[in-house]
Number of protein chains: 2
Amino acid sequence: MKIVLIGAGNVATHLGRALVEVGEEIVQVFSRSILKAGQLAEALNAPSYTNSMEGLNPNADLYLVAVHDSAIGEVAAGLGKNGIWKKLVAHTSGATPMQVFREAAPQLEHIGVFYPLQTFSKIKETDFSEIPICVDAAQKEDLEVLTALAQKISANVYGIDDAQRATLHLAAVFVNNFTNHLFAIGESIVKKGDLPFQILLPLIKETVAKLEAGSPKDMQTGPAVRHDEATISRHLQQLEGQSEVQEIYRLLTQNIMDAKR
Amino acid sequence: MKIVLIGAGNVATHLGRALVEVGEEIVQVFSRSILKAGQLAEALNAPSYTNSMEGLNPNADLYLVAVHDSAIGEVAAGLGKNGIWKKLVAHTSGATPMQVFREAAPQLEHIGVFYPLQTFSKIKETDFSEIPICVDAAQKEDLEVLTALAQKISANVYGIDDAQRATLHLAAVFVNNFTNHLFAIGESIVKKGDLPFQILLPLIKETVAKLEAGSPKDMQTGPAVRHDEATISRHLQQLEGQSEVQEIYRLLTQNIMDAKR
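Below, the structure is looked at part by part. This is a predicted model, so every value here is computed, not measured.

## A closer look at the pairing of strand β6 (residues 110–116) of chain A
All names here are of chain A.
And step 1. The element β6 is largely enclosed, with a buried count of seven among its seven residues.
And step 2. What you see with β6 is no split at all: H110, G112, F114 and P116 on one side and I111, V113 and Y115 on the other are buried throughout.
And step 3. Note that β6 and strand β7 (residues 133–137) share five bridges and pair antiparallel. Looking at β7, one finds that F114 is bridged to V135.

Structure (structure tokens):
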């Protein structure tokens, strides 16, 4: 497949690499920053790059829109104007309905979504083989194309509609963004005791390893689920002076106690 | 070393196994439940078990108290009465000061702590080799004994005082108990969208894998750290009707925004 990659951030970079690795051809990279477009094009062996919508190659099979959620509409409008409206256009966003294309560029006929459910970072390689890829499309034949493409890079491909994707994106905030923030709170706590964050890593890894064995609601341990009020009040005392973190402790403890098991 | 293991719960079971594996000798298991004492004694090849403090073997080198925090004082009092006051007695609790022994049984001369910083479950084996073991003792020679014993089962042994251990225990609640609860919330969210929890596992694993590359506070991603108000209000709308979870979302989002980076 000939693919134009629109965007040069983390998602575009990691997804572009995965697609090239399975033999797909990135024919062009677009980024508002011509420098970034050029760098990513070079990394992906793409023969062309541009920072202007007018300069987009109109002869690709797929236009993959991997830009910030807020910029997808603008990109769609540009594609719609551009003679590319007969081509398949898919965005990679978890938070954005497929309808964003209809609203911004009603003339687009072939629209879809290609959402890898993963967190990407500049400093770390990503192995796509296990990453869930959530695909959707307005037309059946386009869904087949996107599904086949996704299956080339991952064993976990799901047909997911807008509502389900919004649900997944919300869940991802809890299990990824908020979890990472709890790790950051844990780090700040141990640093006050002159201990390194690394001392917590085996515990963190085991917390996740246990998920292979069963549902997290059946795995809950700790003072909250034991209703161990003495430990809870001592912990709240230790957090004296950090009112927001104290409130997080109180609220999560309450919610664990209230959860049906 | 001849060890009497007091307790037959998760910590006693996993720690007992690890000690036997490196050649230590569990000479007796105590549990209030004679059935559990007998089962664990059999599993650990211990020649004796009991459910009475009076029945404790007085000739061991170490009495390892792995019972619920609230029962440590009572066990200590029993040991104090029992002619065992000349022997080394250590508890395995993260939340309990070493002083619990002094208060319950001032006659105990050799007291210490042997706290494995890990979450244990019945359904899963535990590899101790990487688990941080936090040791403490009132007397220097006892600290050396406990340190040497800990080093036989783990590469990560730390001398940790009461204050530091309390700090670690608090941090562990955030990175283990609360994190697991966020996973449970994530599960309940995806189940409402008729999706399996397994779809979130690669994301969860990557969230943790990234910790090897840097500090969690530098890894934060998501709508909160981007101050993406549109996504945040859509997520809060999706949580309509679940006021506690909505409040958790709001508070964690606020705390991520307020965190110094």
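## Comments concerning the interface of chain A and chain B
Size of an interface, as often reported, equals the accessible area lost when the parts are brought together.
And step 1. Facing the 87 residues of chain A at the interface are 86 residues of chain B.
And step 2. Three residues, A:F174, A:V175 and A:L203, lead the burial of chain A against chain B; their summed loss comes to 8% of the area buried on that side.
And step 3. Viewed at the interface, chain B and chain A are joined by two salt bridges.
And step 4. Ionic pairing is found between A:E212 and B:K205, a salt bridge with its closest N-O pair at 2.7 Å.
And step 5. Of all elements in the fold, only α6 (162–192), α7 (201–209), α8 (216–219), α9 (229–238) and α10 (243–258) of chain A reach the threshold of two or more residues within the side of chain A that touches chain B.
And step 6. For the side of chain A that touches chain B, the element with the highest residue contribution is α6(A), accounting for 25 residues.
And step 7. Residue classes in the side of chain A that touches chain B are distributed as 47 nonpolar, 24 polar and 16 charged.

## Structural notes on the packing of α6(A) against helix α9 (residues 229–238) of chain B
Working note: a packed helix pair is described by the angle between its axes plus the distance between those axes.
And step 1. In the contact formed by α6(A) and α9(B), the axes pass within 11 Å of each other and the chain directions differ by 100°. When the axes of α6(A) and α9(B) are compared, the pair comes out roughly perpendicular. Here A:A166, A:T167, A:H169, A:L170 and A:V173 of α6(A) come into contact with α9(B), specifically with B:T231, B:H235 and B:Q238.
And step 2. When the residues that make up the contact of α6(A) with α9(B) are grouped by side-chain class, the tally is three nonpolar, five polar and no charged.

## Remarks on the sheet that holds strand β2 (residues 25–30) of chain A
And step 1. Here eight strands make up an open sheet; going across it, the order is β3-β2-β1-β4-β5-β6-β7-β8 (chain A) and the pairing mixed. Because the sheet does not close on itself, it has two edges, and the strands there are β3 (49–50) and β8 (157–159) of chain A.

The rules we used
- Residues numbered from 1 in each chain as written.
- Chains lettered and ligands numbered in written order.
- Predicted model: local features only at pLDDT ≥ 70, side-chain atom pairs only at ≥ 80, totals over all residues.
- Heavy atoms only, no water.
- Buried < 20%, exposed > 50% of the residue type's maximum accessible area, 1.4 Å probe, protein only.
- Helix = DSSP H or I, 4+ residues; strand = E, 2+ residues; numbered from the N terminus.
- Pairing = 2+ DSSP bridges.
- Contact = heavy atoms within 4.5 Å.
- Buried area = accessible area lost by both parts, 1.4 Å probe.
- Salt bridge = Lys/Arg side-chain N within 4 Å of Asp/Glu carboxyl O.
- Nonpolar A, V, L, I, M, F, W, Y, C, P; charged D, E, K, R; others polar.
- Axes fitted to C-alpha atoms, helices over the stretch in contact; angles between N-to-C directions.
- Parallel < 35°, antiparallel > 145°, perpendicular 65-115°, else oblique.

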